[in-house]
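# Observations on the three-dimensional arrangement
Here is how the chains run, residue by residue.
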Amino acid sequence: MATLGLRPTRHYFRSGIFACRYVSIVGMDKMGMPISRSPLERLEFDNVVLKKLPIDPLEIPGVRMVKGACFSRVKPEPLTNPRFVAVSSEALALLGLNGEEVLNDPLGPGYLSGSKLMPGSEPAAHCYCGHQFGQFAGQLGDGAACYLGEVKAPADQNPELLRENPSGRWEIQVKGAGKTPYSRTADGRKVLRSSIREFLCSEAIFALGLPTTRAGSLVTSDSRVIRDIYYSGNARHETCSVVLRIAPTFIRFGSFEIFKQADEHTGRQGPSYGRDDIRRQMLDYVIETFYPEIQQSHTDLLERNVAFFREVVLRTARLVAQWQCVGFCHGVLNTDNMSILGLTLDYGPYGFMDRFDPDFICNASDNSGRYSYQAQPAICRWNLARLAEALAPELAPDRAEAVLDEYLDLYNGFYLGNMRRKLGLLRKEEPEDEMLVTELLQTMHNTGTDFTNTFRCLSGIPSPPVGEGEGEGGGEEAGVEQATNLLLEQCASLEELKAANKPTMDPRELAMLLSMAQSNPSLFQMISDRRTVARQLEKLSRLKDLVETSPEELRSSQAEEWTGWITKYRKRLAGEWEGQSDVQALQEERVSVMDATNPRVVLRNYIAQNAIEAAENGDFSEVQRVLKVLDKPFCSQPGLEEPAWVGQGGEEQNRERDEGEEGGEPPGSSAETATTRAPVPYDSKPPAWANQICVT
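Residues numbered from 1 in each chain as written. Predicted model: local features only at pLDDT ≥ 70, side-chain atom pairs only at ≥ 80, totals over all residues. Heavy atoms only, no water.

Once that is clear, we can look at the environment of Arg 275. Assignment of secondary structure puts Arg 275 in the loop between strand 14 (236–247) and helix 7 (276–290). On the basis of relative accessible area, Arg 275 is assigned to the partly exposed category, the value being 33%. Placed 206 residues apart in sequence, Arg 275 and Ala 69 show a C-alpha to C-alpha distance of 9.5 Å. Apart from residues no more than four positions distant in its own chain, Arg 275 is found in contact with Gly 68 and Phe 259. (Helix = DSSP H or I, 4+ residues; strand = E, 2+ residues; numbered from the N terminus. Buried < 20%, exposed > 50% of the residue type's maximum accessible area, 1.4 Å probe, protein only. Contact = heavy atoms within 4.5 Å.)

Note: strand 8 (residues 129–132) against strand 9 (residues 135–139), 3 bridges, orientation antiparallel. For Cys 129, the partnering residue across the bridge sits in strand 9 and is Gln 139. Count of turn residues in the strand 8/strand 9 antiparallel hairpin: 2 residues, of which Phe 133 carries a positive phi of about 50 degrees. (Pairing = 2+ DSSP bridges.)

Okay, the nonpolar core next. Generally speaking, a soluble globular protein has its nonpolar side chains buried in company with each other. Membership of the largest hydrophobic core comes to 170 residues, with the highest contact counts inside it found for Phe 256, Val 286, Phe 309, Leu 423 and Leu 603. In this structure, Phe 256 is in contact with Ile 251, Arg 279, Met 282, Leu 283, Val 286, Ile 340, Leu 387, Ala 390 and Leu 391, ignoring residues within four places of it in sequence. Listed in part, the 7 residues of the second largest apolar core include Leu 510, Leu 513, Phe 524 and Val 533. (Core = buried A, V, L, I, M, F, W, Y, C linked by side-chain atoms within 4.5 Å.)

Take empty space enclosed by the protein next. Summed over the entire model, instances satisfying the criterion amount to 7 cavities of 30 Å³ or more. Space inside the largest cavity adds up to approximately 90 Å³. For the largest cavity, the full set of lining residues is Tyr 606, Ile 607, Asn 610, Pro 643, Val 646, Arg 677, Ala 678, Pro 679, Val 680, Tyr 682 and Trp 689. Of the residues assigned to the lining of the largest cavity, the class counts are 9 nonpolar, 1 polar and 1 charged. (1 Å grid on protein atoms, 1.4 Å probe; cavity = no way out; pocket = protein on both sides within 12 Å on 5 of 7 lines; lining within 4 Å. Points joined across faces, edges and corners; volume = space filled by probe spheres on them. Nonpolar A, V, L, I, M, F, W, Y, C, P; charged D, E, K, R; others polar.)

Turning to a nonpolar patch on the surface, a few remarks are in order. On the surface, Met 512, Leu 523, Met 526 and Ile 527 cluster together into a nonpolar patch covering about 420 Å² of accessible area. Looking at which element gives the most residues to the nonpolar patch, the answer is helix 18 (residues 521–527), with 3 residues. As for its position among the elements, Ile 527 is in helix 18. Judged by relative accessible area, which is 51%, Ile 527 ranks as exposed. (Patch = residues over 30% accessible without salt bridge, like charges linked within 9 Å, V, L, I, M, F, W, Y side chains within 5 Å. Areas by Shrake-Rupley, 256 points an atom, 1.4 Å probe, with all protein chains shown as cover. Salt bridge = Lys/Arg side-chain N within 4 Å of Asp/Glu carboxyl O.)

Side chains that carry opposite charge are capable of pairing whenever their charged atoms lie near each other. For the structure shown, the criterion picks out 45 salt bridges. Here Arg 236 and Glu 616 are joined by a salt bridge, their closest N and O atoms 3.9 Å apart. Of the two residues, Arg 236 sits in strand 14 while Glu 616 sits in helix 22 (residues 605–616), which places them 380 residues apart along the sequence. Residue class for Arg 236 comes out partly exposed when judged on its relative accessible area of 28%. With its nearest N and O atoms 3.6 Å apart, the salt bridge here joins Lys 498 to Glu 495. With Lys 498 and Glu 495 both in helix 16 (residues 494–500) and 3 residues apart, this pair spans about one turn of that helix.

The next point concerns the packing of aromatic side chains. Applying the stated criterion across every chain, the model contains 16 aromatic pairs. When the ring of Tyr 347 is compared with that of Tyr 350, the centres are 6.0 Å apart and the planes differ by 85 degrees; the resulting orientation is edge-to-face. With relative accessibility at 1%, the residue Tyr 347 sits in the buried group. Assessed through its relative accessible area of 1%, Tyr 350 is described here as buried. Through a chain of ring-to-ring contacts, the aromatic side chains of Trp 323, Phe 328, Tyr 347, Tyr 350 and Phe 352 assemble into a single cluster. Taking NZ or CZ as reference, Arg 252 lies 4.4 Å from the ring centre of Tyr 128, over its face. Lying over the aromatic face of Phe 136, Lys 260 brings its terminal NZ or CZ to 5.4 Å of the ring centre. (Phe/Tyr/Trp six-rings, centres within 6.5 Å; stacked < 30°, edge-to-face > 60°. Lys NZ or Arg CZ within 6 Å of the ring centre and 35° of its normal.)

Here the focus is the packing of helix 12 (residues 407–423) against helix 13 (residues 433–447). It is at 10 Å that the axes of helix 12 and helix 13 come closest, and there the two elements cross at 70 degrees. In terms of their interaxial angle, helix 12 and helix 13 are classed as roughly perpendicular. Contact with helix 12, carried on its side by Tyr 415, Leu 416, Met 419, Arg 420 and Leu 423, involves Asp 433, Glu 434, Leu 436, Val 437, Leu 440 and Leu 441 of helix 13 and no other residues of that element. Of the residues assigned to the contact of helix 12 with helix 13, the class counts are 8 nonpolar, no polar and 3 charged. (Axes fitted to C-alpha atoms, helices over the stretch in contact; angles between N-to-C directions. Parallel < 35°, antiparallel > 145°, perpendicular 65-115°, else oblique.)

Turning next to the side chain of Asp 142. As for its placement among the helices and strands, Asp 142 is situated in the loop between strand 9 and strand 10 (145–152). For the buried Asp 142, which has no salt bridge, the nearest side chain bearing the opposite charge is Arg 252, at an N-O separation of 4.4 Å. Among the polar contacts listed, one links the side chain of Asp 142 to the backbone nitrogen of His 126, at a separation of 2.9 Å. (Lys, Arg positive; Asp, Glu negative; His and termini not counted. Polar contact = N/O pair within 3.5 Å; in protein donor to acceptor, adjacent residues only side chain to side chain.)

Now for the packing of helix 13 against helix 20 (residues 551–577). Contact geometry for helix 13 and helix 20: axes closest at 10 Å, N-to-C directions at 160 degrees. Compared by their axis directions, helix 13 and helix 20 come out roughly antiparallel. With respect to the hand of their crossing, helix 13 and helix 20 are arranged in left-handed fashion. Contacts between helix 13 and helix 20 pair Asp 433, Leu 436, Glu 439, Leu 440, Thr 443, Met 444, Asn 446 and Thr 447 from the former with Gln 558, Glu 561, Trp 562, Trp 565, Lys 568, Tyr 569 and Arg 572 from the latter. Of the residues contributing to the contact of helix 13 with helix 20, the split by class is 6 nonpolar, 4 polar and 5 charged. (Left-handed = near helix turned anticlockwise from the far one by under 90°.)

Here the focus is the confidence of the model for the chain. Of the residues in the chain, 89% reach a pLDDT of 70 or more, and the chain-wide mean stands at 89. Across residues 1–26 the pLDDT falls below 50, and counting only partners more than four positions away or on other chains, this stretch makes 64 contacts in the model. Here residues 660–674 is a poorly scored stretch, pLDDT under 50, and it has 56 contacts once near neighbours within four places are set aside; other chains count. (pLDDT = per-residue confidence, 0-100.)

As structure tokens, this is what we get:
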């Protein structure tokens, strides 16, 4: 009889629920043979989606149009000498795995990179289409991602997680495992730089409390691919790496666009156009599996589908409101990057805002600003409209339009609710709160303050003493002055504001476009748009004002603006205490809630870049260190205040990026000379060299 050693392993969940389960270790049978060499071989797969949705009958290699199918079977391409960069113990716990055990498993890197197949795994690539930058692109699909299967959730999984994932299974996929039928002209590989960014941000977004796909592990290798980022002839070898992604499902809006008729603008159509039977099949699968309450409460299919679409609209509105409140910009909000479950999906040229700017664009290739920070809520509604079109006639167009009309109110409600918590307004909901938030953001924009740090500082603004009216005594003045000085530390300098407001368009080009807008409006609309030109003119006007301003005048203006807003904010805080007996307890609660809502640390580009450079130099400890810091973004962590690895500055380090997912200043641009950088705390405003980082 086989003998099997057991040891208790503890798992802690965010809700405070504690679970204890036993994880088996390697044992020997009576013949002395090893049993279950790897914990990954004990995962229980139940690959339901491959049973419920049609699979491409062709298994020939190569890129092709896939008709009448939702998945294609594929063979992941093995890496040479795969090895772990890092693992997320919390994400792996979703699968019933112990992170330390996986990290020490010699077979782990092979299994979690797709280089070896776990028992029960059935590799496949998902077929989907998408609207990219507003234009229908036709067939896209998993060009680098590979579905490995669906792992049954462990019996002791947190009930809260099972409410969020009622299927009871976690889909796992590897990103960067080689070519699929959907790879187009690419090689299906991802490199270390983009993989580090995806791995870290997936877990950072989760730790901030936002819905997201997860990242369980990051594997690198000795395999190489060639990348020529700027098509300049300066290609170089990059290290192939793979991220293990985890979610209830990776089905997205674009999954339903494979049935689209020929687009009136691009002429492209979905590969499964006319297969209404498959669309119904996919819709049934999604609702029955991931929205069982809707399935069970509606006998009429049309009403069921309306209820489903309403829930997707609600989840999407809530998600983008959460993005806005932490200053997160996705970068490529195409319909193929929008989760049908309302999760943050596909981490490419994302960015967390540093200095607050409503026109913040994290993707340098987004020349029109279509996916800018302030455009995200409207773009998500536009994408929902495309989903509604893709679901017709199962979703009646007039009913879909009525549901879409609810989106703005839903978004505003979620956004204002989040902002009230960020401001510590917990007891009352006053009509003037919306204006208070608007004026805060305008002040932040005018003074160039850091988004994350400014909100974090707000809990340090002292509340006015009970009974002290506006402008009464020296206490009020002292409190306002103290708060103003606190926030002035987060304001941009004159030189920083000049650099931020320098137009990105050549003055001659701008003059030509202005002339063309008057003389030939049709031609102007073909090559530009009024919003882009207006943004350039606004920058030009502001730059002119800044050139005529001295540093002392700027600081005086910044202090005046903040003094005005802080006075209003403290008056509103005073209203929170009216009629309350234990004001001290309420003030302590306010600070506690604000500090648990406004993060100390987010994954700024310079933090990711430093970890990337360390890893490229063979030191993975900084990736692991950043993961620990981001796991607790709301609190101080002694010993983890700043990077343990600091790279060299210089043009190449800041400019080189991976396969179009991370870019830098074009060749020939100015950059600092190669010198050792000073370590910058993780909760600091970005250092000067961070301005050279460009993501595309």
